[in-house]
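# Close look at the chain arrangement
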Amino acid sequence: MENREEKKECCQRTKERSDKEYKDLIHRLNRIEGQVRGIKRMLETDAYCTDILVQVSAVNAALNSFNKVLLANHIRTCVADDIRAGKDETVDELVLTLQKLMK
């Protein structure tokens, strides 16, 4: 598990997450990573196309689920806090984010 104290220099904003939220998101990503490795093994062992496609669909569903959890947490914390603080531009940012997710 990566060190939570390390901050990427490229990131302009950060968000502190509870240990529970962090562990849940990392757990989800680890499962997805394992699924992707499984798909790679299927390809390497000449698995049948539709079997691979079904697994890719499962990864897509897992990523969508990850996005839903992350988005819900974002709205409950970052967005709600910013609105309470009078930062109405956060709503515009949320709308743009939702538009990108719905492509």
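Residues numbered from 1 in each chain as written. Predicted model: local features only at pLDDT ≥ 70, side-chain atom pairs only at ≥ 80, totals over all residues. Heavy atoms only, no water.

### A word on helix 2 (residues 49-84)
Going by this rule: Only runs of H or I of at least four residues qualify as helices and only runs of E of at least two qualify as strands under DSSP, and these elements are numbered from the N terminus. Helix span, as expected, comes to 1.5 Å for every residue beyond the first. Bend is the name given here to the angle between axes fitted to two runs of seven residues, the run ending at a residue and the run starting at it. Type-normalised accessible area, obtained with a 1.4 Å probe on protein chains alone, sets the label of each residue: buried when under 20%, exposed when over 50%, and partly exposed for intermediate values. It only takes one pair of heavy atoms within 4.5 Å for two residues to be counted as in contact.
With 36 residues, helix 2 extends 51 Å between its outermost C-alpha atoms, agreeing within 8% with the 52 Å of an ideal straight helix rising 1.5 Å per residue. At isoleucine 75, helix 2 shows its largest kink, close to 35 degrees. Among the residues of helix 2, Ile52, Val59, Ala62, Phe66, Val69, Leu71, Asn73, Val79 and Ala80 are the ones counted as buried. In this structure, the buried side of helix 2 is in contact with helix 1 (19-44) and helix 3 (89-101).

### Some details on the confidence of the model for the protein
Here is the rule we go by: A residue's pLDDT is the predictor's confidence in that residue, given on a scale from 0 to 100.
Summarising the model, the protein shows a mean pLDDT of 91, and 89% of its residues fall at 70 or more. Element-level pLDDT for the protein is lowest in helix 3, with a mean of 94, against a maximum mean of 97 in helix 1.

### Structural notes on helix 1
Here helix 1 spans 37 Å end to end across 26 residues, near enough to the 38 Å set by a 1.5 Å rise per residue. Within helix 1 the residues assigned to the buried category are Glu21, Tyr22, Leu25, Arg28, Ile32, Gly38, Ile39 and Met42. Among the residues trailing helix 1, aspartate 46 stands out with phi positive, at a value near 60 degrees.

### What about the side chain of threonine 90?
Positionally, threonine 90 belongs in helix 3. Excluding anything up to four places from it in sequence, threonine 90 contacts Val79 and Asp82.

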